[in-house]
Amino acid sequence: MFDFYRVAACVPQISVGDTDYNTDRILEKISEAYEYNAAIIAVPELAITGYSCQDLFFQNTLLEETKKALGRIIKSTRDRNEVIIVGAPFVLEGKLFNTAFVILKSKVLGITVKTYIPNHHEFYEKRWFNSANDLTISSICFKELGINIVDDDDDYEIPVGNGIIYDINGSLKFGVEICEDLWAPISPSNTLALGGAELIVNISASNETVAKREYRKALVKQQSASLICDYLYVSAGSSESTQDLIFSGHSILAENGVIINENRDFIANDYIMIADMDLGKIRHDRLVSSTFNDSAAFSRDKINELITLKISETKLPDSDGEYVIASKKPFIPGTKAKRLSRCNEIFEMQVGGLVKRLEITGSKPVVGVSGGMDSTLALLVCARAIEKMGRNPSDLVAITMPAFGTSDRTFNNSLELIKALGTEPLIIDIKDSCIQHLKDIGHDIELKDVTYENTQARERTQVLMDYANKVNGLVVGTGDLSELALGWCTYNGDQMSMYGVNGSIPKTLVKWMIDSVVENDIFPEAEDVLRDILDTPISPELLPPDENGNISQKTEDSVGPYELHDFFIYYSMRYGFGPKKIYHLAKKAFKDSYTEEDLKRWITMYYKRLFSQQFKRSCMPDGVKVGSISMSPRGDLRMPSDAAVNIWMREIENL
């Protein structure tokens, strides 16, 4: 469902060399994984015998008992649709190999063989095992394996090697590599992924030493990122021999550079780690990545050597994405430390972009300050840019333009903030000019419609532009990513500037950007007023305040909650998901906040405005991209202004 597939990393208790005991524990873990509807169930490297058998691997008794154990596991899967991946030592062509048996519905789909055999530090696997490169066969008949399944006389060909892609009914393509293969400069997974594998499963036995866990985690993250894949890593647990080493049972699922799940205990054993993959993300990113596709073309000869095994007679268990991480605020890091770091990086990028523009133009930054969060962030960027350039704070031209909807709170906050940043506010009251304009066009001033509102927005922009001409200035825009996505801006009003510093920052992040300025003590003299601005409701302030002088016009009452729209923006723009999948994720993320009808209402609003307001984005001003999404017509969103929204609306109607 929605390209979700569940995986299970099973780390059983084992007894080194006791294949009966180990097989019992493996089957118990597999049965537990069935209860979770896991489609892929992986058990560590050499789990049937234990990784740490050393010279016992040469004992015929151990190798023969391994075959019996494999027979039990294979037979147990007869009526199941899950893929089982289990590690075992196995003799092929008279040589011993470290293998992963891939099993489905009582059949061995393939035998993946370890390529890189370590012979350094504490690992001396070359004493026992050969490399996949030593194989002279690419397949073997099941009966030649010597695995006895009493009631199954069927014989069939099984691919063997390090280049097998398992294609399950066209729904999931995966490949397998074993432990050290990941550490190699060019791993089997590189070719497997370029050949189409969306999931790489690594069954491993990695011992623990100081700092190795973080290194291993970084390695898995990087491999999943460079290959644009899901990478499942399952490692042998602490019940392995502790004669010279300790094994930690470190299991990880990484998805395109993001850790989706990992076991938390530093030294672990006898557990199952469950996680849901979202292959829709992988498929989208591969679709749009010319680098990935060029790499596949460059590696065409190696890819042509792969074996793609198509299995059409089964359907993997469905996953509803229960374990998919769907944060309410996908643009905002989950911890304070990460959030402050991220926001500080973004702030410096904003400042750096503006510094370059001011250096080239030799101009002063001119910004309209309303007392709201967007203009506050833009003003802070301008002040920091002036500071970085070693210029006098008075070079910052900050104009506040009260009109019909300006409240005392926002007006006073704008003045206080401007002064706290070391410059003097310029107050230009635009009420009279707006009244005159409304008279000129024959509009009743009592009619508080869109003309009434946009008159103020355009008058403010005209004042900013003309004043910039007067002082050799450059108008710095305040509009953010969310407003651009929704078109919640006045064409040739606040939609326009000479440089837009907030253009790729979503509304839900703006608040935290300002908070980080406070927390990082960048402008300590402005802390109090910044905290009050953070508590001010979001409003364009284009309608008169209420009888108590408070803001009467709240944006989210009209256009919808920005936390929802930013959620919709993230999944539609970053991953190309359609309304049906986004709605499913939104129900999961916001189950305690919004009804299903609320979600349908606002996702409808989002798509309608996304399409109908593209013309405003087609001529948006310059501004640097700071995150994964930009609405710039010169960058991430090259979209026709007259595209039809019909098929997206039909998908919403059928939710």
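Residues numbered from 1 in each chain as written. Predicted model: local features only at pLDDT ≥ 70, side-chain atom pairs only at ≥ 80, totals over all residues. Heavy atoms only, no water.

Can you tell me about the pairing of strand β11 (residues 172–178), naming the residues and giving the values?
Of all seven residues making up β11, six are buried, and the element is well covered by its neighbours. Bridge analysis of strand β10 (residues 164–168) against β11 gives four bridges, and the strand direction is antiparallel. By the bridge assignment, Ile-165 is partnered in β11 with Gly-175. Between β10 and β11, which pair antiparallel in sequence order, lie three residues; one of them, Asn-169, sits at a positive phi of approximately 55°. (Buried < 20%, exposed > 50% of the residue type's maximum accessible area, 1.4 Å probe, protein only. Helix = DSSP H or I, 4+ residues; strand = E, 2+ residues; numbered from the N terminus. Pairing = 2+ DSSP bridges.)

Just give me the short version of the nonpolar core, but keep the residues and values in it.
By size, the foremost hydrophobic cluster in this structure holds 57 residues, and its most contacted members are Ile-40, Val-83, Ile-85, Phe-174, Leu-199, Val-201 and Leu-232. Sequence-distant contacts of Val-201, defined by excluding residues within four places in its chain, comprise Ile-40, Ala-42, Ile-85, Gly-175, Val-176, Glu-177 and Leu-232. In terms of nonpolar packing, the next biggest core, distinct from the first, is built from 45 residues, Ile-332, Ile-346, Leu-417 and Phe-523 among them. (Core = buried A, V, L, I, M, F, W, Y, C linked by side-chain atoms within 4.5 Å. Contact = heavy atoms within 4.5 Å.)

Before we move on, could you go through the sheet that holds strand β9 (residues 157–161) and cite the residues and values that matter?
Taken in spatial order, the eight strands make up an open sheet running β8-β9-β5-β4-β3-β2-β1-β16, and their pairing is mixed. The sheet is open, and its two borders are formed by β8 (139–141) and β16 (271–278), each paired with just one other strand. Pairwise comparison of adjacent strand axes, ignoring direction, gives a mean angle of 30° for this sheet. Pairing analysis gives six bridges linking strand β4 (residues 95–104) to strand β5 (residues 107–113), with the strands arranged antiparallel. Bridging across to β5, Phe-101 finds its partner in Ile-111. (Axes fitted to C-alpha atoms, helices over the stretch in contact; angles between N-to-C directions.)

A description of the packing of helix α17 (residues 562–574) against helix α18 (residues 579–589) should follow, citing residues and the corresponding values.
The geometry of α17 relative to α18 is characterised by a closest axis approach of 10 Å and an angle of 140° between their N-to-C directions. Considering the angle they form, α17 stands oblique to α18. Every pair of crossing elements has a handedness; the one defined by α17 and α18 is right-handed. In this structure, α17 contributes Phe-567, Phe-568, Tyr-571 and Ser-572 to the contact, and α18 contributes Ile-582, Leu-585, Ala-586 and Ala-589. For the contact of α17 with α18, the residue count by class is seven nonpolar, one polar and no charged. (Parallel < 35°, antiparallel > 145°, perpendicular 65-115°, else oblique. Left-handed = near helix turned anticlockwise from the far one by under 90°. Nonpolar A, V, L, I, M, F, W, Y, C, P; charged D, E, K, R; others polar.)

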